[in-house]
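In case you want the letters, here they are:
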Amino acid sequence: MIRPPHHFMNLRCKTPKAKSMSTSCAQRDCIFPMHILGGGSIGFLFGSKLKTCGDVTMLLRRHNKPRLKETPSDGSFTAIKYFAPVQVRRTSDREIITTTTTCDIKAEIIGDAHDPIESLLVCTKANDAIPALSSIWDRLDRKTTAKVIILSNGALAIRDSIQKHFNDHQNVQIITATTTHGAYTEQISDTGNKSGYCVVHAGDGLTYCTNNKFIDACQKVGWKGGALSDFEMNMMLWKKLAANCVINPLTAIHGVKNGQLLRLDDNIDGTITNILEELSSIAILEMEPFIQAEEDLEVQARLQRSIREHFSVKFLKDFVTTVMTDTSDNISSMLQDVNANRTTEVRFLNGYVANLGEEKYSIDCKNNKGMCNKVEDLKY
């Protein structure tokens, strides 16, 4: 689980000027209307919740069309022709389904509509993010400085990929977010009905974002979390990346649940240390612009101490161990992908660390690179 960042909430610092164009926290008055990119469990979970306080539309690929229902024609020239029937089930602590609610979310087939998008919530898998964004990028409203909120795993890698891939990324707000809500998809309970989707909300979590209005919307529907500064969000995302760089590839390689990593042979501890040593070095270097943005030398020193403390190998290792314990019965998304012969997100996790090290800092992150190779060599 991602803990609330109380341990560095008192460290307020400036946003590095080099990143101010793409990570600005300047807000318009409303986060709606919102489009959600990604028809997986998190996308539909957020869609089903946020539609109760604003205008939400799912952006879905064409293969989803048989699962949608057509909206009745009202004679208007609207691009919204479909809605997605969604069942949301909640589980108890014993993973027993306790409640089921249904709702209809407006939906568009990507490529069918061309009206401007003002706010976009990205909930795709990391490796699908850039292709998915490319399919709707021209629809982002430059007049209102469209907001692109990255809620996917590997948010840091996706943010950097956007800046590399899209030449006009300065004309939109790139916003990072993270959530610990647990969700997964299931077959819809009505076996005679092939349309629709079913999402199991397996656990309440916390949602954090650098956009106040997005957090306001989440809180309106009863979800907890908070708005963070760019500094706080980057600290949180690097810690989350540390957990993902350890747990995801190692559970996939060994074919075990998260908690079982704690009970593997002694060699696993050394592997975890090696992964985190490399990540620690890169994370500290990546946070340096926040330090340099401060003019007060005392503030600089305080920030540097905090960054080095929270990104020390010992601190990161303790954090990762806590996540393993808290999610001990979980099957990691990477192990699920390997078992289903799907492309994994390893290149946006360990690969992100390795590429940053090599391309930006001339540091050979061979252990994270090795995790990428081992995962991609797996045949289940």
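These figures come from a predicted structure and were not determined experimentally.

Caption draft 1: Expanded view of empty space enclosed by the protein. Counted by the stated rule, this structure contains three cavities of 30 Å³ or more. Taken together, 13 residues form the lining of the largest cavity, with Gly 154, Ala 155, Leu 156, Leu 237 and Lys 240 sitting closest to its centre. Listed by contribution, the elements that provide at least two residues to the lining of the largest cavity are helix H3 (155-165), strand S8 (173-179) and helix H5 (230-254). Looking at the lining of the largest cavity, its residues break down into seven nonpolar, five polar and one charged.

Caption draft 2: Broad picture of the nonpolar core. Residues Leu 120, Leu 133 and Trp 238 are the most contacted members of the largest nonpolar core, which totals 76 residues. Counting residues per element, this core draws most heavily on H5, at 14 residues. When residues no more than four places from it in sequence are discounted, the contact partners of Leu 133 are Leu 37, Leu 120, Val 122, Val 148, Ile 162 and Phe 166. Ranked by size, the runner-up nonpolar core spans 35 residues in total, among them Leu 50, Tyr 82, Val 86 and Cys 103.

Caption draft 3: Local environment of the pairing of strand S6 (residues 119-122). Residues of S6 alternate between two faces, with Ser 119 and Leu 121 on one and Leu 120 and Val 122 on the opposite face, all of them buried. Here strand S1 (residues 34-37) runs beside S6; their pairing, made up of four bridges, is parallel. When the sheet's bridge partners are listed, Leu 37 is paired in S6 with Val 122. As paired elements, S6 and strand S7 (residues 147-150) share four bridges and run parallel to each other. Within S7, the position partnered with Ser 119 by the bridge is Lys 147. Assessed by its sense of winding, the connection that carries the chain from S6 through helix H2 (residues 129-136) to S7 is right-handed.

Caption draft 4: Quick look at the pairing of strand S2 (residues 56-60). Of all the five residues making up S2, five are buried; the element is thus mostly covered by neighbouring parts of the structure. Burial along S2 is two-sided: Val 56, Met 58 and Leu 60 facing one way and Thr 57 and Leu 59 facing the other are all buried. Of the pairings in the sheet, the one linking S1 to S2 comprises four bridges and is parallel in character. Residue Leu 37 lies in a different strand from S2, and its bridge partner there is Leu 59. In this fold, S1 hands off to helix H1 (residues 41-50), which returns the chain to S2; that crossover is right-handed.

Caption draft 5: Fine view of helix H6 (residues 267-286). Between its first and last C-alpha, H6 extends 29 Å over 20 residues, near the 28 Å set by a 1.5 Å rise per residue. When H6 is considered as a whole, its buried residues turn out to be Ile 268, Ile 272, Thr 273, Ile 275, Leu 276, Glu 278, Leu 279, Ser 280, Ile 282, Ala 283, Ile 284 and Glu 286. Looking at the buried side of H6, the elements it contacts are H5, helix H7 (288-292), helix H8 (297-310), helix H9 (313-326), helix H11 (350-361) and helix H12 (366-376).

Caption draft 6: Examining the packing of H6 against H9 more closely. Where H6 meets H9, the closest approach of the two axes is 9 Å, and the angle between their N-to-C directions is 125 degrees. The orientation of H6 with respect to H9, classified from their angle, is oblique. In this structure, H6 meets H9 at a crossing whose hand is right-handed. Counting all contacts with H6, which are made through Asp 269, Ile 272, Thr 273, Leu 276, Glu 277, Leu 279 and Ser 280, the residues of H9 involved are Val 313, Leu 316, Lys 317, Val 320 and Met 324. Partitioned by chemical class, the residues of the contact of H6 with H9 number seven nonpolar, two polar and three charged.

Caption draft 7: Inspection of the packing of H11 against H12 at higher detail. Contact geometry for H11 and H12: axes closest at 8 Å, N-to-C directions at 140 degrees. Accordingly, the angle class assigned to the pair H11 and H12 is oblique. Crossing angle aside, the handedness with which H11 passes H12 is left-handed. Between H11 and H12, the residues in contact are Asn 350, Gly 351, Val 353, Ala 354 and Glu 358 and Asn 368, Lys 369, Met 371 and Cys 372, respectively.

Caption draft 8: Focus on the environment of Cys 245. Mapped onto the elements of the fold, Cys 245 is located in helix H5. Considered as a pair, Cys 245 and Tyr 352 are 107 residues apart in the sequence and their alpha carbons are 9.7 Å apart. Residues in contact with Cys 245, not counting those within four places in the same chain, are Ile 275, Leu 279, Leu 349, Asn 350, Val 353 and Asn 368.

Caption draft 9: Examining the packing of aromatic side chains more closely. Evaluated as defined, the whole model comprises six aromatic pairs. Between Phe 46 and Trp 223, the ring centres sit 4.8 Å apart and the planes meet at 70 degrees, which makes this aromatic pair edge-to-face. Placement of the pair is Phe 46 in helix H1 and Trp 223 in the loop between helix H4 (212-220) and strand S12 (224-227), with a sequence separation of 177 residues. With a relative accessible area of 0%, Phe 46 lands in the buried category. Measuring from ring centre to ring centre gives 5.7 Å for Phe 231 and Phe 290, while their planes differ by 70 degrees; the resulting arrangement is edge-to-face. On the criterion of sequence distance, the pair formed by Phe 231 in helix H5 and Phe 290 in helix H7 is long-range, its members being 59 residues apart. By relative accessible area, which is 1% here, Phe 231 ends up buried. Three or more aromatic residues link up through ring pairs in this structure, and these residues are Phe 46, Phe 214 and Trp 223.

The rules behind these values
- Residues numbered from 1 in each chain as written.
- Predicted model: local features only at pLDDT ≥ 70, side-chain atom pairs only at ≥ 80, totals over all residues.
- Heavy atoms only, no water.
- 1 Å grid on protein atoms, 1.4 Å probe; cavity = no way out; pocket = protein on both sides within 12 Å on 5 of 7 lines; lining within 4 Å.
- Points joined across faces, edges and corners; volume = space filled by probe spheres on them.
- Helix = DSSP H or I, 4+ residues; strand = E, 2+ residues; numbered from the N terminus.
- Nonpolar A, V, L, I, M, F, W, Y, C, P; charged D, E, K, R; others polar.
- Core = buried A, V, L, I, M, F, W, Y, C linked by side-chain atoms within 4.5 Å.
- Buried < 20%, exposed > 50% of the residue type's maximum accessible area, 1.4 Å probe, protein only.
- Contact = heavy atoms within 4.5 Å.
- Pairing = 2+ DSSP bridges.
- Right-handed = clockwise from strand over helix to strand, strands pointing away.
- Expected span 1.5 Å × (residues − 1).
- Axes fitted to C-alpha atoms, helices over the stretch in contact; angles between N-to-C directions.
- Parallel < 35°, antiparallel > 145°, perpendicular 65-115°, else oblique.
- Left-handed = near helix turned anticlockwise from the far one by under 90°.
- Phe/Tyr/Trp six-rings, centres within 6.5 Å; stacked < 30°, edge-to-face > 60°.

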